[in-house]
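# Structural features, examined
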Amino acid sequence: MKSPSMPSASLTGRVAAVFIGLALAFAVHAQGNLEIDTPAISALRKAMQQRHAQLAPLYASGAVGIAADGTVSLRDAAAVPLAQRAQANAAVAAENADRAALYREIARANGHPEWEGEVRRTFAQRWLDRAQPGWWVQQGASWSRK
Amino acid sequence: MAAQPGTRESIRVETSAGGFELPCGGRSRRALACSLVLLMLVTAVPLAGAAVFRVLAARVGEIAGPGFAVHELRVRLDAPAQGGEVDIGRLRIGAREWRALTLRCGRLRIDAGGLACNAARMEQGGRRLPFEADVDLALGAGPVRIALRLPDGGRIEAGTEADGRLRARLHRLTPAAAADLLEPWLGDLAAGLRGFKATGVLDAELDYRPADAGATTASLRGRLAGGGFGRADGLLAAEGVGADFTLEARSTGAVWSWSAQLDWDAGAAYIHPLLVEAGPRLRARGRFDGRRIELERAELALDGLAAASARGVIDTAAGTPDALSIELAGADLARIGPRWLAPLLAPASAQRLRFEGRADARVELRAGRLETLAVELHGAGFGLAPPLGGGSARGDDGKEVVPVEVLALGPVDGRVRWSSRGPGAAALQVGGGRWEKLALGAFALDAALEPAGLRLAGARIPLLDGTLVLQDLALGWSAAGWEGSGGVVLEPVSMPLLSEALGLPLMAGVMSAALPGLQFGPGELVLDGTLAVSVFGGWLQASGLRVREPFGVASHLTAEIEARHIDLAQLTETFSFGSITGHIDADVRGLELSNWRPAAFDARIASIAGDERRRISQRAVENISALGGGGALAAVQRSVLRLFETFGYRELGLRCRLANGVCEMGGLDAEPDGGVRADGGFTIVRGGGIPALDVIGYNRRVDWNELVARLQRVVAEDVSPTID
Amino acid sequence: MYREDGMNPAARWLFAAALVASTAACVTINIYFPAAAAEKAADRIIDEVWQLREGAGSAPVTPPAAGGTK
């Protein structure tokens, strides 16, 4: 009979190997940059940049807020003149369609379509963190002014 | 407040010497008697002087009229001051009741008819109400007149007649004053007016005649000017609304029959996500039994609609339609589409949608939800413009790009019937259409609709001289978006027609496709199968077709292409590239087209080994060298070039790996390292026979746009070779 | 000779823990997600879309343009 400590030692070794492997894999991926310069992503960036001219005053007035899920949200339509509310809503819808496409495209361009959710979460956090003072941001379910 | 209504009613007169009390009954005869006594007393007051009658207090148990009752009414007349007070222990109007009302009269007059209290202020439960009132009250069942003057200039006048007729006038009533006025009586309504930030001025007249000749009638007519409101989130709001309204109602029992009219002539409303502007006129009639409003018929006149009518039942408690059936006839889609349909159906691309033609529709709602929708289209047309800021705006070589609709369908005729509870159907005749530059012929669409999806057994869409066949297409709607699967077959399309339609040089051959594995999901269209083109004496096949973000700015297509046995003679002739004979194979791996322009690929072209005549013309050589940016020809061979019309070659190969706008060039695979020569060049054409000539490239990294521009120049320069 | 049931309780526990760890590692392929690189990418795109790095002067120029398109 072998000493009882033998199998556990080999197991811990294996566990350690698994973790080292994971850490290595992670490190390898973490080193590089994500591909965000494909024509599709560039087209989305350009479209979103152009739309920002329309959205910026809406962020500033609080009509549109930076939502927690990586989208923007028409949170206070009352801050927009009545006649322009439908346009503001269209701009929000178009921005969210582009953002959804952006997250999908970044995941695809980097060969991992399944990353879409992670990309969205990462962006959601950065949009929130980098929102300008005075803009409205969503934390959890509640809105607050930055 | 010892008096119990209906039991102990009295008039108490206090004099300087003491007081006495007269018993008075609530019934009209006795009330009249009491009134007479009162009258005598009142007329006696001035005669007798203040020393005799100081205070007159009357206590009347009840004054009741149709729909209202006053209990524990006490009147105090302060003779020297000509003033007095009216206390109402309980006031009942309809089903509601209020307690402890006091009316402090600036001037109080009591005579045979009753009492008149002018310039009065009112308190309820010790709180002063924000208006000044004139009350003219006949004891018993006589007429009552009340006028309220509101602080902002508004006025309310109401009066009942002995026969129970009630007339009221609202004059310049504002929501703010109305809210103050309603606060103690209808607190929730007042809070609603304030919460919705209501504005505007209301003028209205109400006339109510109870059971006159067996029928009770009521009419309300008026005008709202500058009306507005806004829900806190701004998703439901109106501004500057001007509207005339009338409501007529008639009842012979518990049920009212009514008719109403609303003319909205100024202002606008936002009902998320729709902006609705003044113009609609509504006529409606129906019945009301106290709980449910039955809408027998409503007619709406709206810009862009020939006729609109509705009928149904509305539950007043829930505030939602129990059942509502709406019929719309002769809708002009060009006007109705952008305003009503696009914001609801596709807000993100609302600006890009085009509508035309006419439609009739029937909509049925049950318990506030859409239950069935039946639409009949007459010559309807739909178009989707390319997205703004998309790649298509940056045209090649600075040419103005005419915006061509990505997708267009029409004229479309037929019927669509959808139900939330079961199967529906769509039977449409499409007169034609356009997808990018390709015109589609007339076709029929017969689809089975489900509550959240559709099935299309098959459709044959003519495409030039071929047919695009859709097979077993199933689409489903979920929260994530549309998803679906099916198959597509392209029955042969002749390349001459296709190349002409796409604005390409005329090519011979046919194109066909079998793509049985069509999958459609959010942001992706997968077409598993093969698209095959027989062209230039050989064939070309595309597989692994994927269209990403099909309708957005990021629209791009990926595919794998292989071409076999392409006759260079035909190819070079077609593209006016000089002349090369022989055959090649080509492979394009990882082709990615973004807005129909190549964004990435790894392409190889190689001549096929075998026994055939391989010649390359002077001009083709010059063109290839021009593609290489000049200097691609070995200098030694340049002089030889002018001497001969064609040259023999042994093999030919070219590679271009495109990424990030740069094409990494390579030549024949035969040489080690993809064709690197000692001098750093790569061989594109290796000569053979007489006269022989090598074409060698030196420029390994070529800007793709530059290369395309050169290619276009070369092709455009057409006939004469330019060799000096 | 080694037999499975010769494992002591600590070894069993470790074995179970390792199993759990390895299955968890298999399921959560997200652990490969390059979070830092994604943040960097997000910041680059946010800079561009919100025009945060092109000088403060450019920002006030844009709203009139938006008004003009209405």
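Each value, and the rule that gives it
Position labels on residues start from 1 in each chain and follow its written sequence. Chain letters and ligand numbers both follow the written order, the letters beginning at A and the numbers at 1. Local features in a predicted model are, by the rule used here, given only for residues with pLDDT of at least 70; side-chain atom pairs are given and counted only at 80 or more, and totals for whole chains, interfaces and linings are based on all residues. Per the convention used, a helix needs a DSSP run of H or I reaching at least four residues, while a strand needs a run of E reaching at least two, with both numbered from the N terminus. We call two residues in contact when their backbone-placed C-beta atoms lie within 7 Å. Between the buried cut of 20 or more and the exposed cut of 12 or fewer other C-beta atoms within 10 Å of a residue's own C-beta lies the partly exposed class, and all C-beta atoms are placed from the backbone. Working definition: the nonpolar core is a set of buried Ala, Val, Leu, Ile, Met, Phe, Trp, Tyr and Cys residues, joined through C-beta atoms within 7 Å. Any two strands with at least two DSSP-identified bridges between them are counted as paired. All amino acids are sorted into three groups, where Ala, Val, Leu, Ile, Met, Phe, Trp, Tyr, Cys and Pro are nonpolar, Asp, Glu, Lys and Arg are charged, and the leftover types, Gly among them, are polar. A helix is expected to span 1.5 Å for every residue after the first. The quantity called bend is, for any residue, the angle between two axes fitted respectively to the seven residues ending at it and the seven beginning at it. Whenever a helix is involved, its axis is fitted only over the stretch in contact; in every case the axis is a line through C-alpha atoms, and angles between N-to-C directions fall within 0 to 180 degrees. By definition in this entry, angles of less than 35 degrees are roughly parallel, angles greater than 145 are roughly antiparallel, angles of 65 to 115 are roughly perpendicular, and the rest are oblique. By definition, any crossing whose near helix is turned counterclockwise from its far helix by less than a right angle is left-handed, and any crossing with a clockwise turn is right-handed. Confidence of the predictor at the level of single residues is captured by pLDDT, which takes values from 0 to 100.

## Focus: the overall build of chain B
Per the secondary structure count, chain B includes 10 helices and 43 strands. The long-range fraction of contacts in chain B, counting pairs at least 24 apart against all pairs at least 6 apart in sequence, stands at 46%.

## Details of the overall build of chain C
The helix and strand tally for chain C stands at three helices and zero strands. Of the regular secondary structure in chain C, the N- to C-terminal order runs α-α-α. Burial analysis of chain C (70 residues in total) assigns 13% to the buried set.

## What to know about the nonpolar core
Membership of the largest hydrophobic core comes to 101 residues, with the highest contact counts inside it found for Leu44(A), Val64(A), Ala88(A), Ile106(A), Leu103(B) and Cys117(B). Among the elements that make up this core, the one with the highest residue count is helix α3 (residues 85-109) of chain A (14 residues). Counting residues in each nonpolar core, the second largest holds 73 residues, with Leu518(B), Phe520(B), Ala620(B) and Tyr649(B) among its members.

## Concerning the pairing of strand β35 (residues 556-567) of chain B
All names here are of chain B. For strand β34 (residues 538-548) and β35, the ladder comprises eight bridges, and the chain directions are antiparallel. What sits directly across from Ala542, in β35, is Ile561. Pairing analysis gives nine bridges linking β35 to strand β36 (residues 583-594), with the strands arranged antiparallel. Of the residues in β36, the one forming a bridge with Ala563 is Ala586.

## Side note on the interface of chain A and chain B
Contacts between chain A and chain B engage 28 residues on the former and 31 residues on the latter. Secondary structure elements with two or more residues in the side of chain A that touches chain B: α2 (39-61) and α3 of chain A. In terms of residue count, α3(A) provides more of the side of chain A that touches chain B than any other element does, 12 residues in total. Here the side of chain A that touches chain B is built from residues that sort into 17 nonpolar, three polar and eight charged.

## Focus on helix α4 (residues 333-345) of chain B
Because an α-helix completes one turn every 3.6 residues, residues spaced three or four positions apart along the sequence face the same direction. Taking 1.5 Å per residue, 13 residues should reach 18 Å; α4(B) reaches only 14 Å between its end C-alpha atoms and comes up short. The principal kink in α4(B), of about 35°, is found at Arg339(B), preceding the proline Pro343(B) by one to four residues. Among the residues making up α4(B), those that are buried are Leu333(B), Ile336(B), Gly337(B), Ala342(B) and Pro343(B). Buried residues along α4(B) sit in contact with α3 of chain A together with β17 (274-277), β20 (305-315), β21 (321-332), β22 (353-366) and β23 (369-384) of chain B.

## Describing unusual backbone geometry
Residue and element names in this part refer to chain B. In this chain, His272 is followed by Pro273 through a cis amide linkage whose omega measures 0°. Tracing the backbone through its elements, the reader meets Pro273 in the loop between β16 (256-271) and β17. In this chain, Gly410 is followed by Pro411 through a cis amide linkage whose omega measures 0°. Positionally, Pro411 belongs in strand β24 (residues 407-419). Even without being a glycine, Ala119 presents a positive backbone phi close to 45°. You can see Ala119 is positioned in strand β8 (residues 114-124).

## Topic: the packing of α2(A) against α3(A)
Each pair of packed helices can be described by the angle between their axes along with the distance between the axes. Residues and elements named next belong to chain A. Where α2 meets α3, the closest approach of the two axes is 10 Å, and the angle between their N-to-C directions is 150°. The angle between α2 and α3 places the two elements in the roughly antiparallel class. Once α2 is placed against α3, the crossing between them reads as left-handed. Every residue of α3 that contacts α2 at Ala40, Ile41, Leu44, Ala47, Met48, Arg51, Gln54, Leu55 and Leu58 is listed here: Ala88, Ala91, Ala94, Glu95, Asp98, Ala101, Leu102, Glu105, Ile106 and Ala109. Its residues assigned to classes, the contact of α2 with α3 comprises 14 nonpolar, one polar and four charged.

## Details of the pairing of β21(B)
Residues and elements named next belong to chain B. Pairing analysis gives nine bridges linking β20 to β21, with the strands arranged antiparallel. Bridge pairing links Arg311 to Ser325 in β21. Turn length for the β20-β21 hairpin, with the two strands adjacent in sequence and antiparallel, is five residues, and the turn residue Gly319 shows positive phi of about 75°.

## Section: the packing of α2(A) against helix α2 (residues 35-49) of chain C
Interhelical geometry of α2(A) versus α2(C) gives an angle of 45° and a closest axis separation of 8 Å. By the angle between their axes, α2(A) is oblique relative to α2(C). Where α2(A) approaches α2(C), its residues Arg45(A), Met48(A), Gln49(A) and His52(A) are matched on the opposing element by Ile45(C), Glu48(C) and Val49(C). Residue composition of the contact of α2(A) with α2(C), grouped by class: three nonpolar, two polar and two charged.

## Overview of the environment of Arg209(B)
Residue and element names in this part refer to chain B. Along the chain, Arg209 turns up in strand β13 (residues 199-212). By C-beta crowding, Arg209 is classed as partly exposed, having 18 other C-beta atoms within 10 Å. When the C-alpha positions of Arg209 and Gly164 are compared, they lie 6.8 Å apart, and in sequence the two are 45 residues distant.

## A closer look at the environment of Glu116(A)
Residues and elements named next belong to chain A. For Glu116, the location among the structural elements is in helix α4 (residues 116-130). Residues Glu116 and Leu102, spaced 14 residues apart in sequence, show a C-alpha to C-alpha distance of 9.2 Å. Not counting chain neighbours up to four residues away, the residues in contact with Glu116 comprise Tyr103, Arg104 and Ala107.

## Re the confidence of the model for chain C
All names here are of chain C. Mean pLDDT for chain C: 61, with 31% of residues reaching 70 or above. Within chain C, helix α3 (residues 62-69) has the poorest average pLDDT of any element, 34, and α2 the best, 94. This model gives residues 1-6 a pLDDT under 50, and the stretch forms four contacts once residues within four places in sequence are excluded. Counting interchain partners and residues more than four positions distant, the pLDDT-below-50 stretch residues 55-70 has 12 contacts. Two numbers describe this predicted complex: its pTM, 0.79, and its ipTM, 0.80.

## Some words on the environment of Ser478(B)
Mapped onto the elements, Ser478(B) comes out in strand β30 (residues 466-478). For Ser478(B), a count of 11 C-beta atoms within 10 Å corresponds to the exposed category.

## Here we look at the confidence of the model for chain B
Residue and element names in this part refer to chain B. For chain B, mean pLDDT is 84; residues scoring 70 or higher make up 85% of the total. In this model residues 25-30 is a low-confidence stretch, pLDDT under 50, and it forms 11 contacts with partners more than four residues away in sequence or in other chains. Segment residues 390-401: pLDDT under 50, and 15 contacts once partners within four positions in sequence are set aside and those in other chains are kept.

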